[in-house]
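# Residue-level structural notes
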Amino acid sequence: MAKVAFLGLGVMGYPMAAHLRRAGHAVTVYNRTTAKAEAWVAEHGGTLGKTPAEAAAGAEYVMSCVGNDDDLRQVCKGADGAFAAMASGTVFADHTTASATVARELYGAAADLGIGFVDAPVSGGQAGAESGQLAVMCGGDAEVFDRVAPVLDAYAKSCLRLGDVGAGQMAKMCNQIAVAGVVQGLSEALSFAEKAGLDGRALVAAISAGAAGSWQMDNRSETMLDDHFDYGFAVDLMRKDLGICLETASEIGASLPVTTLIDGFYKDVQEMGGGRWDTSSLIKRLRG
Ligand code: NAP
């Protein structure tokens, strides 16, 4: 079993770190708001570092799951950052949904210190983090990935390497592009059904086993019909992710016309006060 550190005990990181403990690893946690790290240690054991560097000292593997590019830079770099305390030959795996640009930048900074870096964003939401059934999409050196993947398995349903550093973040962008289109399609189908006087639940029963079926239909249609939007991934985070997708699309010359439109729809939801609603709240702007 390994000595690991986990940085960032948010909605995702808190249960992910717990799976590392259950797998038998020696876990040290860091969270910017220390009370959360204290609560984690009280619940799961392990130890607490007051800074990313303190948590990372002596660890063979360091994982992070923070908010965005700048948050990630803060936990990695500088005197209190994890890299300063990590030994040559250790591995840093980042689960934040961030840009491929920051992944490449940190890969370079880590390589200068002999540290391996893998970008490893996840899909599966809070429920996947709690059940340990996340899809982990990785980018980095094959040899480094091969070393860290068995540790990441503690919370993974699948853990795949897509290519060199940045490839994991690129795959996560594809994931968010595909999800945005499906959620908008489902929102349109359900609001159309309401206007057509169809029973929403009967409709879902009729079409979900056919070509229109999806994870979103299976897991969100009922709550959408009930007008409840407190079931996971928030609109504010989705807009951060779509912003990364759109910026990257312009860098690589990809065309994202529908994603651009849906990003604007999510902006409407934010303006309706729905920044913390879950992403299926797209249907609310159609019900007006
Ligand atoms: P969250 O609950 O808001 O947690 C964010 C974590 O990052 C907290 O521990 C926070 O510390 C820490 N943090 C933020 N900025 C920091 C900084 N500058 N320095 C140090 N720590 C910092 O977010 P989450 O839902 O766990 O999401 C984390 C990442 O996973 C995001 O990139 C998100 O897009 C991605 N993701 C989320 C989901 C989901 O369903 N929630 C699904 C897939 C991917 P404090 O406690 O001090 O605020």
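Residues numbered from 1 in each chain as written. Predicted model: local features only at pLDDT ≥ 70, side-chain atom pairs only at ≥ 80, totals over all residues. Heavy atoms only, no water.

### Here's the deal with the overall build of the protein chain
- Along the protein chain, the regular secondary structure elements total 13 helices and 9 strands.
- In terms of C-alpha radius of gyration, the protein chain reaches 20 Å, essentially the compact-globule figure of 19 Å for 288 residues.
- Across the 288 residues in the protein chain, those meeting the buried criterion constitute 48%.
- Across the protein chain, every contact between residues at least 6 apart in sequence was considered, and the portion connecting residues at least 24 apart equals 66%.
- When the accessible area of the protein chain is evaluated, it comes to approximately 12600 Å², of which 54% is carbon and sulfur surface.
- Across the protein chain, the centroid of the 23 positively charged side chains sits 2 Å from that of the 34 negatively charged ones. (Helix = DSSP H or I, 4+ residues; strand = E, 2+ residues; numbered from the N terminus. Rg over C-alpha atoms; globule rule 2.2 N^0.38 Å. Buried < 20%, exposed > 50% of the residue type's maximum accessible area, 1.4 Å probe, protein only. Contact = heavy atoms within 4.5 Å. Areas by Shrake-Rupley, 256 points an atom, 1.4 Å probe, with all protein chains shown as cover. Lys, Arg positive; Asp, Glu negative; His and termini not counted. Charge placed at Lys NZ, Arg CZ, Asp CG, Glu CD.)

### As for the nonpolar core
- Counting 34 residues, the largest nonpolar core has Phe6, Met63, Val136 and Leu152 as its most contacted members.
- Considering every element that reaches this core, the biggest residue donor is helix H8 (residues 142-152), with 6 residues.
- Not counting residues up to four positions away in its chain, the partners in contact with Leu152 are Met63, Ala93, His95, Ala120, Val136, Cys138 and Cys159.
- Tyr30, Val62, Leu106 and Ala110 belong to the second-largest nonpolar core, a separate cluster that totals 22 residues. (Core = buried A, V, L, I, M, F, W, Y, C linked by side-chain atoms within 4.5 Å.)

### Concerning the pairing of strand S6 (residues 116-119)
- Every second residue of S6 is oriented toward a common face, with Gly116 and Val118 on one face and Phe117 and Asp119 on the other, all of them buried.
- Direction of pairing for strand S5 (residues 91-94) relative to S6: parallel, over a ladder of 4 bridges. Among the inter-strand pairings, Phe92 is bridged to a residue of S6, identified as Phe117.
- Read as a crossover between parallel neighbours, the route from S5 over helix H6 (residues 100-112) to S6 is right-handed. (Pairing = 2+ DSSP bridges. Right-handed = clockwise from strand over helix to strand, strands pointing away.)

### Quick look at unusual backbone geometry
- Phi at Asp227 takes a positive value of approximately 65 degrees, unusual for a residue other than glycine.
- Following the sequence through the fold, Asp227 ends up in the loop between helix H11 (215-225) and helix H12 (235-252).

### Things to note about the domain arrangement of the protein chain
- The domain boundaries assigned to the protein chain delineate domain 1 (3-163) and domain 2 (170-287).
- Here the C-alpha centre of domain 2 lies 29 Å away from the C-alpha centre of domain 1.
- With 13 residues of domain 1 at the interface, the matching set in domain 2 holds 9 residues.
- Buried area between domain 1 and domain 2, summed over both chains or domains, comes out near 840 Å², and the portion from carbon and sulfur atoms is 65%.
- The interface formed by domain 1 and domain 2 includes 0 salt bridges.
- Between the two partners, domain 1 and domain 2, sit 4 residue pairs in polar contact (both at pLDDT 80 or more).
- Every element with two or more residues in the side of domain 1 that touches domain 2 is listed here: H6 and strand S7 (122-123). (Domains from an automatic or database assignment. Buried area = accessible area lost by both parts, 1.4 Å probe. Salt bridge = Lys/Arg side-chain N within 4 Å of Asp/Glu carboxyl O. Polar contact = N/O pair within 3.5 Å; in protein donor to acceptor, adjacent residues only side chain to side chain.)

### Re the site of the ligand
- Close to the ligand lie 26 residues; Asn31, Thr33, Lys36, Gly67 and Lys240 are nearest.
- Between an oxygen atom of the ligand and a side-chain N or O atom of Asn31, the distance comes to 2.6 Å.
- The separation between an oxygen atom of the ligand and a polar main-chain atom of Gly67 is 2.8 Å.
- Notes on the ligand: free accessible area 900 Å², of which the protein chains cover 87%.
- Contributing elements (two or more residues each) for the shell around the ligand: helix H4 (69-76), helix H7 (125-131) and H12.
- The class makeup of the residues in the shell around the ligand is 10 nonpolar, 10 polar and 6 charged.
- Domain assignment of the residues forming the shell around the ligand places at least three in each of domain 1 (3-163) and domain 2 (170-287). (Near = heavy atom within 4 Å. Nonpolar A, V, L, I, M, F, W, Y, C, P; charged D, E, K, R; others polar.)

### With respect to the pattern of salt bridges
- One pass over the structure, following the stated rule, counts 14 salt bridges.
- For Arg201, the salt bridge goes to Asp226, with nearest N and O atoms at 2.9 Å. Highlighted residues: Arg201 in helix H10 (residues 200-207) and Asp226 in the loop between H11 and H12, separated in sequence by 25 residues.
- For Arg201, a relative accessible area of 39% corresponds to the partly exposed category.
- Across the pair Arg239 and Asp263 runs a salt bridge whose closest N-O atoms are separated by 3.1 Å. Taken together, the residues span a long stretch of sequence, with Arg239 in helix H12 and Asp263 in helix H13 (residues 257-271) at a distance of 24 residues.
- Given a relative accessible area of 10%, Asp263 falls into the buried group.
- Each of Asp70, Arg73, Lys77 and Glu105 takes part in one network of salt bridges that share partners.

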